[in-house]
Amino acid sequence: MAARFLLQRSTRGLLFSSRSVPVFSSPFLCRAHRLGPSDDEIYQRTTVSIMKTEAHNGILIHSYSPMGFNIDGNRVFGPCAVIPPAVLQWNVGSSEDITEESISLFHMLEPPIEILVLGTGSKVERINPSVLALLKRKRIALEVQDTPNACATFNFLNSERRLVAAGLIPPSYSRALEVKQDESGDSK
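Model, not experiment: these values are computed from the prediction.

What to know about the environment of Ser-104
The topology assignment puts Ser-104 in helix H1 (residues 104–107). The exposure class of Ser-104 is partly exposed, given its relative accessible area of 21%. Between the alpha carbons of Ser-104 and Val-131 there is a distance of 9.7 Å; along the sequence they are 27 residues apart.

This is the structure we're talking about:
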């Protein structure tokens, strides 16, 4: 005797006619089933979608010293303006030299930058209020930090592909780790 199985529609799902058990009662078809190594290989595959196919050509500041900066393997001596993809000498000696004229380079760019990171040397220095007002009028956010933190901030924002530029003044020599000697020649 051959058993006949007919699919019938029901309010509880598809039913076999010879058995009144919903098709979805199988432990392999319910939502709570955890897939294991013995399950079909289609459920075990991992796929990766590459959303960005072009290489990132951003600038990276590798190191800094009182002499200047190492930017993508190039040594830059003295203060510099980093405007991806360019690195330019910046004609400032200290934070007092940062004026509306010295930052004109940053607000004349096309497309306009979103953020300007200023590294003011070994410590954070105040910036002239007229410079702050000019950047506010041009809708450029300003981040003023000591140079080590400014380099890290620039690298982070640039890695996120933000429209960022940096004006960096090298930090001064630090004497914090020097060994002091007294008059007798003994080190302290």
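Considering the pairing of strand S10 (residues 164–169)
In terms of burial, S10 is a largely internal element, six of the six residues being buried. Every second residue of S10 is oriented toward a common face, with Val-164, Ala-166 and Leu-168 on one face and Ala-165, Gly-167 and Ile-169 on the other, all of them buried. Alignment of strand S6 (residues 80–83) against S10, held across three bridges, turns out to be antiparallel. Across the sheet, the residue bridging to Ala-81 is Gly-167, located in S10. In terms of strand pairing, strand S8 (residues 115–120) meets S10 through six bridges, oriented parallel. Looking at S10, one finds that Gly-119 is bridged to Leu-168.

Focus on the side chain of Asn-155
Along the polypeptide, Asn-155 turns up in helix H3 (residues 147–159). Note on Asn-155: relative accessible area 17%, which makes it buried. With near-sequence residues (within four places) excluded, Asn-155 lies in contact with Ile-59, Leu-60 and Ile-61.

What to know about the sheet that holds S6
On the basis of which strands lie adjacent, the open sheet formed by five strands has the order S7-S6-S10-S8-S9 and mixed pairing. On the outer flanks of this sheet lie strand S7 (86–89) and strand S9 (141–145), each paired with one strand and no other. Looking at each pair of strands side by side, their axes are set apart by 15° on average, direction ignored. Relative to S9, S8 runs parallel, the two sharing five bridges.

Some remarks on the packing of aromatic side chains
Going through the model one piece at a time under the given rule, you end up with one aromatic pair. Taking 5.7 Å as the distance between ring centres and 80° as the angle between the ring planes, the aromatic pair formed by Trp-90 and Phe-106 counts as edge-to-face. Within this pair, whereas Trp-90 is found in the loop between S7 and H1, its partner Phe-106 is found in helix H1, the two being separated by 16 residues in sequence. Take Trp-90 and Phe-106: they sit in the same class, and that class is buried.

Criteria and thresholds
- Residues numbered from 1 in each chain as written.
- Predicted model: local features only at pLDDT ≥ 70, side-chain atom pairs only at ≥ 80, totals over all residues.
- Heavy atoms only, no water.
- Helix = DSSP H or I, 4+ residues; strand = E, 2+ residues; numbered from the N terminus.
- Buried < 20%, exposed > 50% of the residue type's maximum accessible area, 1.4 Å probe, protein only.
- Pairing = 2+ DSSP bridges.
- Contact = heavy atoms within 4.5 Å.
- Axes fitted to C-alpha atoms, helices over the stretch in contact; angles between N-to-C directions.
- Phe/Tyr/Trp six-rings, centres within 6.5 Å; stacked < 30°, edge-to-face > 60°.

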